[in-house]
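What the coordinates show
Given next are the chains, with one letter for each unit.
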Amino acid sequence: MAQTSIDFEILIDDSFVNLKSEREIQHIENKNVLSLINDFADGKWRFRKFQDFIWDNIAETALSYKDRMALIDKSHSALTEAAKKLRLTDLSKNQDGQGSELAEIILYGFMKHHYKALPVVPKIFYKQNVQDNAKGADSVHIIVNDDKTFTVWFGEAKFYNSIEDERLYSIVNSVENSLLSDKLKKENSIVTNVSDLNDLLKDEKDLLEQIKKLLASKTSIDELKPKLHIPILMLYECQITAKNNSLSPKYKKEIIEYHKERAESYFKKQVKKCSKSIFKYSEIHFHLILFPVPEKKPIVDKFIQNVQHYKNQD
């Protein structure tokens, strides 16, 4: 177990191959599990720390690279401008459907601080400004390795009341849909047509051209598959977390066992559904990210309250 720069404790960061309990699960290669938890203070889950993480990362998700650079020394202005980009379109949904933008921001934070990824398409910004053209993946990043090789990350982010089996099917369906060739081509075109990629890699011309060539419409989508990573964030309301008041060994053990069991259930469902419908499925990398909260509604309510506060700062 290790501490990450996102300041949440990591309980699992491992290949699914090392975590599964059943021997006979097909297509388990290229699958990973990341399990993180928040801590407690004075016997209570650190609600404020979690909210701070959202707002510390909101500009990455809701502002373009140029806008972020223009506001680099103006933190209040950045928050105000970022809040104005948030749609909060899920307010009319039922409780289990709310919090999608919040989950997108959390995933962006994890991608930046844990995976050291470049945010090439701040999706909330482009969903607001380009409307239908930016729908699709909740997270779009490029990771550049030390040897100047790169990988492409198209993420899914969900905030659920539960991650029991009946909820997992909708995530599997969403992931499968995102991997259809026409959806990947649409995502590629968004990456290459927005300015953020050029701005982020302006000093890496050769690398920029390699990325654009791979994502170009004339390049076969099959060439993308070995470089494609799908992070899947399951932010969820957790009864284990709700009944605990300290970061005890017993609590950690319970969460670890639950996350292993949920990861196995999820990947078995994903393999059954996607291995037949997605060509070169086994070459795509998947990263299941699990993060429990004690109660969903207060988190969503506080997020909305803060967004509305900043939206009114004129």
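Description of the structure in this document. Just so it is clear, the structure is predicted and the values come from calculations on it, not from any experiment. (Residues numbered from 1 in each chain as written. Predicted model: local features only at pLDDT ≥ 70, side-chain atom pairs only at ≥ 80, totals over all residues. Heavy atoms only, no water.)

1. Description of the overall build of the chain
Helices and strands together make up the secondary structure of the chain, namely 12 helices and 10 strands. Sorting the 314 residues of the chain into buried and exposed places 54% on the buried side. When contacts within the chain are restricted to residue pairs at least 6 apart in sequence, long-range pairs at least 24 apart make up 74% of them. Per element, the accessible surface of the chain, about 14,500 Å² overall, is 46% carbon and sulfur. (Helix = DSSP H or I, 4+ residues; strand = E, 2+ residues; numbered from the N terminus. Buried < 20%, exposed > 50% of the residue type's maximum accessible area, 1.4 Å probe, protein only. Contact = heavy atoms within 4.5 Å. Areas by Shrake-Rupley, 256 points an atom, 1.4 Å probe, with all protein chains shown as cover.)

2. Observations regarding the packing of helix α6 (residues 165–178) against helix α11 (residues 249–277)
At a minimum axis distance of 9 Å, the contact between α6 and α11 shows a crossing angle of 40°. Relative to α11, the element α6 lies oblique. Crossing angle aside, the handedness with which α6 passes α11 is right-handed. Contacts between α6 and α11 involve D165, L168, Y169, I171, V172, N173, V175 and E176 on the former and, on the latter, R262, S265, Y266, K269, Q270, K273, C274 and S277. (Axes fitted to C-alpha atoms, helices over the stretch in contact; angles between N-to-C directions. Parallel < 35°, antiparallel > 145°, perpendicular 65-115°, else oblique. Left-handed = near helix turned anticlockwise from the far one by under 90°.)

3. Considerations on the packing of aromatic side chains
Within the structure shown, the criterion is met by 14 aromatic pairs. Note on F50 and F291: the rings are 5.7 Å apart at their centroids and 35° apart in plane angle, and the pair reads as tilted. On the criterion of sequence distance, the pair formed by F50 in helix α1 (residues 47–62) and F291 in strand β10 (residues 285–293) is long-range, its members being 241 residues apart. Residue F291 is classed as buried on the basis of its relative accessible area of 0%. Taken together, a centroid distance of 5.9 Å and an interplanar angle of 40° make the contact between F110 and F291 tilted. On the criterion of sequence distance, the pair formed by F110 in helix α4 (residues 100–113) and F291 in strand β10 is long-range, its members being 181 residues apart. Residues F110 and F291 agree in their burial class; the two are buried. Taken together, the ring pairs connect F8, W45, F50, F53, F110 and F291 into an aromatic cluster. Looking at K227, its charged tip hangs above the ring of F150, at a distance of 4.5 Å from the centre. Against the face of F159 rests K296, its NZ or CZ located 5.1 Å from the ring centre. (Phe/Tyr/Trp six-rings, centres within 6.5 Å; stacked < 30°, edge-to-face > 60°. Lys NZ or Arg CZ within 6 Å of the ring centre and 35° of its normal.)

4. As for the pairing of strand β7 (residues 139–144)
Among the six residues of β7, five are classified as buried, and the element is accordingly described as predominantly covered. The sheet contact formed by β7 and strand β8 (residues 150–160) spans six bridges and is antiparallel. Paired with H141 across the strands is W153, a residue of β8. Where β7 folds back onto β8 in an antiparallel hairpin, the turn is made up of five residues, including K148, whose phi is positive at roughly 70°. (Pairing = 2+ DSSP bridges.)

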